Amino acid sequence: MYEFTQLGWLKHVIFHPVEGFEDLRWKKQGSMKIALVIVFMLFVDMVADRQLTGFQFNTAYVKVFNIVPLMVQSVVYFFTWVIANWALCTLFDGEGTLKKICIYSAYALVPYILCSYISIFISNFIVSDERIWMTAIYYLGLIWSVVLMIQAMKAVHQYSFKKTIVSMLFTIVAMLLILFLAILLLSLFQQVYVFGYSIYTEIAYRIRG
Amino acid sequence: MKHLLRKVLSLSLAAVTALSMSVTAFADEPYNSYNYDTWDDAIPSQSAYRVEKTVTGAEMQLLKLRDPNEKVYVSDNAAITLSDARDLFVDKERKEMWVADTKNNRILCLDLETLVVKGAYMGVNNSSVEGFAAPQGVFVTTSPTLGKQVVYVADTDNSRVVKATVTDERNLECVTEYKKPEEALYTAQTFNPKKVCVDVAENVYAVVNSVNSGSVQFSREGKFTGFYGANRVQVTAAVIAQRIWRAIASDEQLEGMSRNVPIEYANFDIDNDGFIYTVTEVDTDTDAVKKLNPAGYNIWNNAKGNEYKFGDLTGGQWDPLTKKQHVTRLTDLDISDTGLINVMDFETGRVFQYDKECNLVCIFGSKTSTSDQRGTMSNPNAVESYGNRVYILDGSKNDITVFIETQFGKYVHAAFDLYDEGRYVEAKSDWEEVVKRDGSYTYAYIGLGKAALNEEEYNSALKYFKTAYDQDDYDKAYKYAREAFLREHFTLIIIIIALLVILLIVKGQLKKRGIKLIKRKPKRPKPATVPAAAPKDDEEEGE
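Residues numbered from 1 in each chain as written. Chains lettered and ligands numbered in written order. Predicted model: local features only at pLDDT ≥ 70, side-chain atom pairs only at ≥ 80, totals over all residues.

> Help me understand the overall build of chain A, please; the structure alone is not making it clear to me.
Helix and strand counts for chain A come out as seven helices and zero strands. Going residue by residue from the N terminus, the α and β elements of chain A occur as α-α-α-α-α-α-α. Projecting the C-alpha coordinates of chain A onto the three principal axes gives extents of approximately 80 × 50 × 30 Å. Put simply, chain A has 209 residues, and 30% of those count as buried. Across chain A, contacts joining residues at least 24 apart in sequence account for 73% of those joining residues at least 6 apart. (Helix = DSSP H or I, 4+ residues; strand = E, 2+ residues; numbered from the N terminus. Buried ≥ 20, exposed ≤ 12 C-beta atoms within 10 Å, placed from the backbone. Contact = placed C-beta atoms within 7 Å.)

> Even after reading the chapter, I still don't get the overall build of chain B, so can you show me in this structure?
Within chain B, the secondary structure is distributed over 10 helices and 29 strands. Counting the 543 residues in chain B, one finds 38% classified as buried. A separation threshold of at least 6 residues defines the contact pool for chain B, and within that pool the share at least 24 residues apart is 47%.

> What am I meant to see in helix H8 (residues 471-488) of chain B here?
One full turn of an α-helix is made of 3.6 residues, so residues set three or four places apart face in the same direction. Residue and element names in this part refer to chain B. Spanning 18 residues, H8 covers 25 Å between terminal C-alpha atoms, matching the ideal 26 Å at 1.5 Å per step. Buried residues of H8: Tyr474, Ala477 and Tyr478, and no others. For H8, the arc enclosing every buried residue in end-on projection is 115 degrees, short of the 170-degree limit, so these residues lie on one face. Of the residues in H8, the exposed ones pointing more than 90 degrees away from the buried face are Asp472, Glu483, Leu486 and Arg487. For H8, the secondary structure elements touched by its buried residues are helix H6 (442-454) and helix H7 (458-468). (Expected span 1.5 Å × (residues − 1). Arc of directions from axis to C-beta.)

> Please explain the environment of lysine 100 of chain A as it appears in this structure.
Residues and elements named next belong to chain A. Mapped onto the fold, lysine 100 is located in helix H5 (residues 98-122). Look at lysine 100 and you get buried, because 23 C-beta atoms sit within 10 Å. Separated by 92 residues in sequence, lysine 100 and valine 192 have C-alpha atoms that sit 37 Å apart.

> Help me out: how do you make sense of the pairing of strand S23 (residues 350-354) of chain B in this one?
Within a regular strand, side chains alternate between the sheet's two faces. All names here are of chain B. Taking burial as the measure, the five residues of S23 include five buried ones, the bulk of the element. What you see with S23 is no split at all: Arg350, Phe352 and Tyr354 on one side and Val351 and Gln353 on the other are buried throughout. In this sheet, S23 lies alongside strand S22 (residues 341-345) in antiparallel orientation, the contact comprising five bridges. Across the sheet, valine 343 pairs through a bridge with phenylalanine 352, a residue of S23. With antiparallel pairing between neighbouring strands as the criterion, S22 and S23 make up a hairpin whose turn holds four residues, including glycine 349 at a positive phi of roughly 70 degrees. Summarising the sheet, S23 and strand S24 (residues 360-364) pair through four bridges and their orientation is antiparallel. Bridge pairing in S24 places glutamine 353 opposite cysteine 362. Here S23 folds back onto S24 in antiparallel fashion, the turn holding five residues, of which cysteine 358 has a positive phi close to 70 degrees. (Pairing = 2+ DSSP bridges.)

> When you look at the sheet that holds strand S4 (residues 87-91) of chain B in this model, what are you seeing that I'm missing?
The strands making up a sheet are joined through hydrogen bonds of the backbone, oriented either antiparallel or parallel. All names here are of chain B. Overall, antiparallel pairing links the four strands, which are arranged S4-S5-S6-S7 in an open sheet. The open sheet is flanked by S4 and strand S7 (117-121), the only strands paired with a single partner. Ignoring strand direction, the axes of neighbouring strands in this sheet form an average angle of 20 degrees. Here strand S6 (residues 106-111) pairs with S7 via four bridges, running antiparallel. Each residue of the ladder has a partner; that of leucine 110, found in S7, is valine 117. (Axes fitted to C-alpha atoms, helices over the stretch in contact; angles between N-to-C directions.)

> Looking at this structure, I do not really get the packing of helix H4 (residues 407-420) of chain B against helix H5 (residues 424-437) of chain B. What am I missing?
To characterise two packed helices, one gives the angle between the axes of the helices and the distance between these axes. Residues and elements named next belong to chain B. Where H4 meets H5, the closest approach of the two axes is 8 Å, and the angle between their N-to-C directions is 155 degrees. When the axis of H4 is compared with that of H5, the two are roughly antiparallel. Taken as a pair, H4 and H5 cross one another with a handedness that is left-handed. Here H4 contributes Phe408, Tyr411, Val412, Ala414, Ala415, Leu418 and Tyr419 to the contact with H5, which in turn contributes Tyr424, Glu426, Ala427, Asp430, Trp431, Glu433, Val434 and Arg437. The residue makeup of the contact of H4 with H5, split by class, is 11 nonpolar, no polar and four charged. (Parallel < 35°, antiparallel > 145°, perpendicular 65-115°, else oblique. Left-handed = near helix turned anticlockwise from the far one by under 90°. Nonpolar A, V, L, I, M, F, W, Y, C, P; charged D, E, K, R; others polar.)

> Honestly, the nonpolar core in this entry has me stumped. Any pointers?
One recurring pattern in soluble globular proteins: nonpolar side chains tend to sit buried together. One finds Val99, Ala206 and Val343 of chain B to be the most contacted residues of the largest nonpolar core, which totals 116 residues. For this core, the element with the most residues is H6 of chain B, which contributes eight residues. Setting aside residues no more than four positions away along its own chain, alanine 206 of chain B makes contact with Ala154, Val161, Tyr178, Pro193, Val196, Ser215 and Val216 of chain B. By size, the runner-up hydrophobic cluster in this structure holds 35 residues, among which are Trp81, Tyr104, Tyr112 and Ala152 of chain A. (Core = buried A, V, L, I, M, F, W, Y, C linked by C-beta atoms within 7 Å.)

> Could you clarify how one ought to interpret the environment of aspartate 417 of chain B in this entry?
Summarising the element assignment, aspartate 417 of chain B is placed in helix H4. Sequence-wise, aspartate 417 of chain B and aspartate 355 of chain B are 62 residues apart; in three dimensions their C-alpha atoms are separated by 8.2 Å.

> Which parts of the structure should I look at to understand the domain arrangement of chain B?
For interface size, the figure often reported is the accessible area lost on association. All names here are of chain B. Here chain B is partitioned into domain 1 (29-51 + 265-405), domain 2 (59-228) and domain 3 (427-511). The gap between the C-alpha centroids of domain 1 and domain 3 is 37 Å. The class makeup of the residues in the side of domain 1 that touches domain 3 is one nonpolar, five polar and one charged. (Domains from an automatic or database assignment.)

Listed below in structure tokens is the structure:
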């Protein structure tokens with residue numbers, strides 16, 4: 001039983017939201033490679049949503065295209081989630097390792113990414129009266145992914161349902177903290193850099209006379 | 001030979017240098033024309049108007065007022081310049097321009113073509129007060145009952161609006177005086193009318209200082225009939241906070257509180273269909289410019305989900321020319337014969353021109369900088385238009401600046417005229433001319449797109465709407481384009497669908513009978529006991 005390839009396992013966990021992740025854990029499966037590909041696809045999805053959504057639905061400011069915020073919104077958020085969840089749950093009897101949390105979370109994101117792609121694709125063929133199709137598919141993927149994410153976190157840490165929900169909420173708080181500290185650190189380093197640079201210019205002026 | 005060559009070379013070099021150093025003078029506007037694009041960003045545009053001339057007292061030949069031989073002779077020491085003039089009015093029938101020359105306490109009548117003085121009126125005969133006292137508003141029309149030209153003057157410091165017929169170049173004959181209403185409804189202590197406007201039924205509307213419940217309305221006979229078209233209170237954070245305080249404050253505290261009252265409007269104008277347009281000076285989003293129906297309700301109501309915007313769109317804006325932050329202060333507006341709306345911004349000296357549907361047509365004019373140039377304003381008090389000209393009255397420079405439309409402006413106006421009537425295809429050639437002169441003129445692309453849509457050229461319509469970034473019209477065009485595409489390729493689509501269905505059925509049947517067309521490599525089962533250590537590359541090939 002349960003003799004799947006790695007992609008087969010992915011399909012299994014997506015279509016078996018109740019037991020899938022438990023099976024995955026029981027069989028000690030899950031590939032980091034696939035997880036990284038999924039995260040990359042999430043980033044591609046962000047870009048596609050901005051650039052390839054049908055003209056009449058695209059609300060993006062087309063004069064500027066900056067990839068950094070998109071990168072932050074996908075890749076950085078994802079890894080912040082993983083790290084925050086790991087940091088939090090190791091303290092609260094969670095059984096998941098960093099690698100496992102990463103793999104399971106990424107697997108749970110697949111329905112969202114897929115539905116998002118489909119919604120972007122059909123947005124090129126519908127008019128705004130039929131927008132409901134787009135929205136419906138998008139939310140279908142989103143809700144599915146949320147359900148999977150809860151199941152994934154539950155399986156990876158072997159928590160009860162209630163504890164899972166609480167831990168996830170606290171993970172979001174922890175994420176905010178991490179991001180806040182990261183921004184703080186960044187601006188601090190920027191100031192250090194400016195300080196160093198101004199000393200350099202000062203010395204340079206002195207030397208030149 | 002060598003010397004000759006050197007000579008020729010140096011000579012030609014000198015000639016080139018001299019030529020490149022010569023300065024060419026341009027009769028350019030003293031400002032950069034701009035317009036707003038789909039994202040409300042200011043973008044450079046072509047000038048739709050250029051300065052034709054500026055007319056001061058000298059050009060109006062106000063010296064005539066001192067010449068006893070002239071018909072318009074007033075006195076030997078009559079002022080020969082305007083002084084803080086506040087209002088302009090164009091009598092289109094008689095081709096006259098009327099000026100309320102406020103500080104000089106007189107009304108002037110100029111010839112519209114030459115802007116030379118035709119009449120000077122210091123007061124009204126047979127009325128309670130002879131002379132004018134700081135008249136701030138003037139309105140001229142032909143009375144349907146009298147069948148004659150009548151002049152309405154907002155005689156501010158005399159607290160009256162006076163309606164008079166023109167006797168000759170120097171005398172006005174009083175018909176009716178509209179004075180401070182005695183009714184209890186009129187609560188203000190004073191009655192200082194600033195601007196006056198009259199509709200077809202000869203109802204008189206007056207904007208009165210410190211009356212914020214709308215303009216004061218009189219019937220033809222001079223009876224006060226109520227207020228018309230009040231502004232609303234703009235909802236700001238302060239207003240909401242005060243409303244909450246009011247709910248919990250005691251009576252004593254309430255007495256000490258200031259009330260939130262709407263802002264009185266600065267000026268108004270009436271169009272050919274009898275709609276009254278008002279403009280409010282203080283920067284308000286709610287009621288900057290209103291188009292009032294006969295009941296006094298605003299037709300251009302943003303509360304109903306529309307987005308009518310007037311003046312500069314970026315709010316408090318840094319102006320590099322005057323080196324200060326400015327806030328839009330719309331002071332006057334004018335409706336032209338063709339329905340174009342000119343809105344004057346006192347703060348920046350700019351005129352914002354809109355079409356009937358409130359689409360921004362062009363922006364022209366500027367504030368006086370250190371160098372006093374033609375086409376810049378100091379205190380622009382009034383704007384009027386006639387034909388292809390726009391007149392701006394400056395109360396500080398005491399002159400009238402005459403703007404005349406450029407070739408670009410001509411095409412834009414012609415195109416907007418047809419566009420607003422829905423004659424998109426006819427407007428096409430004008431829009432094309434506009435695009436030739438200003439490639440980033442948004443409405444040109446929308447116009448061309450609508451023309452293409454009417455001509456059923458959906459693909460080019462889509463292209464135009466995309467250029468203009470007009471998503472709503474693109475959506476409509478796309479609906480038609482998709483329909484057309486489906487109709488054109490109907491047979492092909494049906495064939496493809498039929499083929500797919502057949503393929504699926506065949507595949508289903510084959511699977512049922514256990515026949516495989518493509519033989520797959522048998523999957524290598526993975527031992528369950530060995531975890532991730534197994535070679536992964538082979539596993540992934542399987543699917």
